[in-house]
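Understanding the architecture of this molecule
Chain residues, written in single-letter form:
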Amino acid sequence: MQKLLEGYQKFQIEVFPKRAGLFKSLESGQKPSTLFLTCSDSRIVPDMILQSDPGELFISRNAGNIVPPYGEVNGGVTATIEYAVLALGVQNIVVCGHSDCGAMKAVLSGKQHPQMPTVDKWLQHSASAMQMVPPVGDNNITTPKDRLRTLTRANVLTQLQHLQTHPSVAYATSRGQLKLFGWVYEIHTGCIDTYDAASGRFLPLTADVLAPSVVHPRLELLAS
Ligand SMILES: [Zn+2]
């Protein structure tokens, strides 16, 4: 804890004064461009990875970067999505998984944890992702690590599907106001792969091209 207190002191003395104008501009409101849904893992630091400033990312974190389907658990994640989309008008939602995810390891193991019933229940939201993971020996899966990597990717896709069950997301995507992206961050390389809906593959994220991870039904096409 002492290290954190010293960090706070450094923030107050060195960091804040240099950015005082920015903080002043944020005094009475925010207009973040992106809702960033990621894991609680301490090794994922969105503002460091994306070099974003205060006010840019609206962040929701939980074990396994899970988005419960709408109506099933009307908890914090659902409220955060609704608020981000309808009150703040974010233009993007990113679901970002990561390498060496403890939640995904737990899903992969299939073990129950009697002392952590809430965790077990929460991770059931990744059950369909698990069905997308081939056994070792199939489809270039040669090691358990390959299976974890595949599950992590499949989980991002599953949570993107769940996200689309939320009425606020359906409203905004069908009007072309919101785009959804599925990313996986690799801790030891600092690299992000993004899901490209057109090819069905995860591709390295670059500053030049950001292909949509979900192709949305457009309102005008649905109506005609
Ligand atoms: Zn994790």
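Scoring rules and cut-offs
- Residues numbered from 1 in each chain as written.
- Predicted model: local features only at pLDDT ≥ 70, side-chain atom pairs only at ≥ 80, totals over all residues.
- Heavy atoms only, no water.
- Phe/Tyr/Trp six-rings, centres within 6.5 Å; stacked < 30°, edge-to-face > 60°.
- Buried < 20%, exposed > 50% of the residue type's maximum accessible area, 1.4 Å probe, protein only.
- Helix = DSSP H or I, 4+ residues; strand = E, 2+ residues; numbered from the N terminus.
- Lys NZ or Arg CZ within 6 Å of the ring centre and 35° of its normal.
- Donors = N, O, S within 2.8 Å, 3.2 Å for Na, K, Ca; no water.
- UniProt positions renumbered as here; feature names shortened; annotations may be inferred.
- Contact = heavy atoms within 4.5 Å.
- Salt bridge = Lys/Arg side-chain N within 4 Å of Asp/Glu carboxyl O.

Considering all chains together, one arrives at 6 aromatic pairs under this definition. Between Phe11 and Phe16 the ring centres are 6.0 Å apart and the planes differ by 75°, which places this aromatic pair in the edge-to-face class. The class for Phe11 is partly exposed, based on a relative accessible area of 33%. Ring geometry for Phe58 versus Tyr83: centroids 6.1 Å apart, planes at 35°, classification tilted. Residue Phe58 is located in strand 2 (residues 57–62), and its partner Tyr83 is located in helix 4 (residues 76–87); the two are separated by 25 residues in the primary sequence. Ring-pair connections join several aromatic residues into one group, and the members of that group are Phe11, Phe16 and Phe23. Taking NZ or CZ as reference, Arg175 lies 3.8 Å from the ring centre of Tyr171, over its face.

The subject of this paragraph is the coordination of the zinc ion. Protein coordination at the zinc ion comes from Cys39 (SG), His98 (NE2) and Cys101 (SG), with a distance range of 2.0 to 2.3 Å. Counting along the primary sequence, the residues that act as donors to the zinc ion give the motif C-x58-H-x2-C. Highlighted residues: Cys39 in strand 1 (residues 34–39) and His98 in strand 3 (residues 92–98), separated in sequence by 59 residues. Residue Cys39 is classed as buried on the basis of its relative accessible area, which comes to 6%. On the accessibility criterion, His98 (1% relative accessible area) is buried.

The UniProt entry lists Cys39, Asp41, His98 and Cys101 under the feature "binding site: Zn(2+)" (unreviewed entry), expressed in the numbering used here. These annotated residues cover 63 residues of sequence, and their C-alpha atoms all fall within 8.8 Å of one another, placing them together at a single site. Under the relative-accessibility criterion, Asp41 is labelled buried at 15%. The residues contacting Asp41, other than those within four sequence positions of it, are Arg61, His98 and Asp100. With respect to the helices and strands, Cys101 occurs in the loop between strand 3 and helix 5 (102–109). Relative accessible area serves as the criterion here: at 2%, Cys101 is assigned to the buried category.

What follows covers the pattern of salt bridges. Throughout the structure, instances matching the rule amount to 6 salt bridges. One salt bridge in this structure joins Arg19 and Asp53, with 3.1 Å as the shortest N-O distance. With a gap of 34 residues between them, Arg19 in the loop between helix 1 (2–18) and helix 2 (20–25) and Asp53 in the loop between helix 3 (46–49) and strand 2 connect regions that are remote in the sequence. Here Asp53 falls in the partly exposed class, since its relative accessible area comes to 27%. Across the pair Arg43 and Asp100 runs a salt bridge, and its minimum N-O distance is 2.9 Å. One end of the pair, Arg43, is in the loop between strand 1 and helix 3; the other, Asp100, is in the loop between strand 3 and helix 5, and 57 residues separate them in sequence. Given the relative accessible area of 36%, Arg43 is considered partly exposed. One network of salt bridges, with partners in common, ties together Asp41, Arg43, Asp100 and Lys105.

Moving on: unusual backbone geometry. For Gln51, which is not glycine, the phi torsion reads 55° and is therefore positive. Following the sequence through the fold, Gln51 ends up in the loop between helix 3 and strand 2. Phi angles above zero are rare outside glycine, and Asp100 is one such case at about 55°. Given a relative accessible area of 35%, Asp100 falls into the partly exposed group.

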